[in-house]
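Chain residues, written in single-letter form:
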Amino acid sequence: MQKDWKDKEGNIHKGKVLAEKSEFTVIACEFCEFNHVIEIPNDKFLEEYYKNQYLGKRVSDAFFKKMESEFEWNEIFHNEKYDIVESSLPMHGRTVLDIGSGLGCFLNTGQKRGWQCKGIEPSTDSANYARNQFNLDIKEVYLSRDTFQNFGTYDFIHSQEV
């Protein structure tokens with residue numbers, strides 16, 4: 001079975017249906033060559049989802065303890081990323097913007113290395129954790145076409161699993 005959907009630019013996304021659940025349909029899109037949901041959610045839907053529903057029932061002391069148990073491993077991985085980026089930058093005044101900063105682990109590693117760090121995180125629970133645990137500058141907002149210009153320029157922009 002095939003389905004199609006016309007986006008706001010007038011492009012027709014169509015392809016074989018891979019899965020359906022509730023109101024969601026995933027297709028193998030012939031237009032953009034990605035597997036994706038149709039209709040593609042708009043910014044308003046995504047902002048609301050990530051702010052209020054993304055973590056959902058996972059937000060608990062047990063969730064945060066599990067995440068904390070992975071901090072040491074994550075720091076090793078994050079230090080490797082900073083090593084690569086730092087090899088191309090001057091020593092002082094390094095700035096990083098982390099899009100989807102989650103609990104702040106990546107920025108915490110940068111802060112320890114002397115970076116000026118800022119995060120963007122739509123989830124209230126995650127943003128609060130990063131602020132409270134690591135004293136990070138986290139803007140609780142969904143990054144979109146309307147908001148991206150509010151953040152200025154950075155030496156390094158990071159985004160992982162977003």
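Report follows, based on the coordinates.

A count of helical and extended segments in the protein gives five helices and eight strands. Mapped in sequence order, the helices and strands of the protein form the string β-β-β-β-α-α-α-β-α-β-α-β-β. For the protein, the C-alpha atoms occupy an extent of roughly 55 × 40 × 25 Å along the three principal directions. Within the protein, the fraction of its 162 residues that count as buried is 36%. By element, 50% of the accessible surface of the protein is carried by carbon and sulfur atoms, the whole surface being about 10700 Å². Mean positive and mean negative side-chain charge positions of the protein (20 and 27 charges, respectively) differ by 2 Å.

Pairing is antiparallel in the open sheet, where four strands are placed in the order S1-S2-S3-S4. Looking at which strands have only one partner, the edges of the open sheet turn out to be strand S1 (2-6) and strand S4 (35-38). Mean inter-strand twist for the sheet, computed between neighbouring axes without regard to direction, equals 50°. Note: S1 against strand S2 (residues 12-21), five bridges, orientation antiparallel. Bridge pairing in S2 links tryptophan 5 to histidine 13.

By way of backbone hydrogen bonds, the strands of a sheet pair with one another, either parallel or antiparallel. Pairing in this open sheet of four strands is parallel, and the strands run S7-S6-S5-S8 from one edge to the other. Looking at strand neighbours, the two that pair on one side only are strand S7 (138-139) and strand S8 (156-159), the edges of this open sheet. Taken together, the four bridges between strand S5 (residues 95-99) and S8 define a ladder with parallel strand orientation. Of the residues in S8, the one forming a bridge with isoleucine 99 is serine 159. Running at roughly 170° to strand S6 (residues 116-120), helix H4 (residues 105-112) makes contact with S5, S6, S7 and S8 of the sheet.

Considering the arrangement of structural elements, one finds leucine 46 in helix H1 (residues 43-52). Placed 64 residues apart in sequence, leucine 46 and glycine 110 show a C-alpha to C-alpha distance of 28 Å. Not counting chain neighbours up to four residues away, the residues in contact with leucine 46 comprise Pro41 and Tyr142.

Only a minority of non-glycine residues have a phi that is not negative, and only a minority of peptide bonds are not trans. Of note in the backbone geometry, glutamate 33 takes a positive phi value of approximately 65° without being a glycine. Residue placement: glutamate 33 occurs in the loop between strand S3 (24-29) and S4. Its identity is not glycine, yet glutamate 161 carries a phi of approximately 55°, on the positive side. Among the structural elements, glutamate 161 can be located in the segment after S8.

Let us now look at the packing of helix H3 (residues 71-86) against H4. Helix packing geometry: the angle between the two helix axes and the distance between the axes. Running from N to C, H3 and H4 cross one another at 60°; their axes reach a closest spacing of 9 Å. Viewed along their axes, H3 and H4 adopt a mutual orientation that is oblique. Pair H3 / H4 crosses with right-handed handedness. Where H3 abuts H4, its residues Phe71, Glu75, His78, Asn79, Lys81 and Tyr82 lie against Cys105, Phe106, Leu107, Thr109, Gly110 and Lys112. Taken together, the residues that form the contact of H3 with H4 break down as five nonpolar, four polar and three charged.

Scoring rules and cut-offs
Residues numbered from 1 in each chain as written. Predicted model: local features only at pLDDT ≥ 70, side-chain atom pairs only at ≥ 80, totals over all residues. Heavy atoms only, no water. Helix = DSSP H or I, 4+ residues; strand = E, 2+ residues; numbered from the N terminus. Buried < 20%, exposed > 50% of the residue type's maximum accessible area, 1.4 Å probe, protein only. Areas by Shrake-Rupley, 256 points an atom, 1.4 Å probe, with all protein chains shown as cover. Lys, Arg positive; Asp, Glu negative; His and termini not counted. Charge placed at Lys NZ, Arg CZ, Asp CG, Glu CD. Pairing = 2+ DSSP bridges. Axes fitted to C-alpha atoms, helices over the stretch in contact; angles between N-to-C directions. Contact = heavy atoms within 4.5 Å. Parallel < 35°, antiparallel > 145°, perpendicular 65-115°, else oblique. Left-handed = near helix turned anticlockwise from the far one by under 90°. Nonpolar A, V, L, I, M, F, W, Y, C, P; charged D, E, K, R; others polar.

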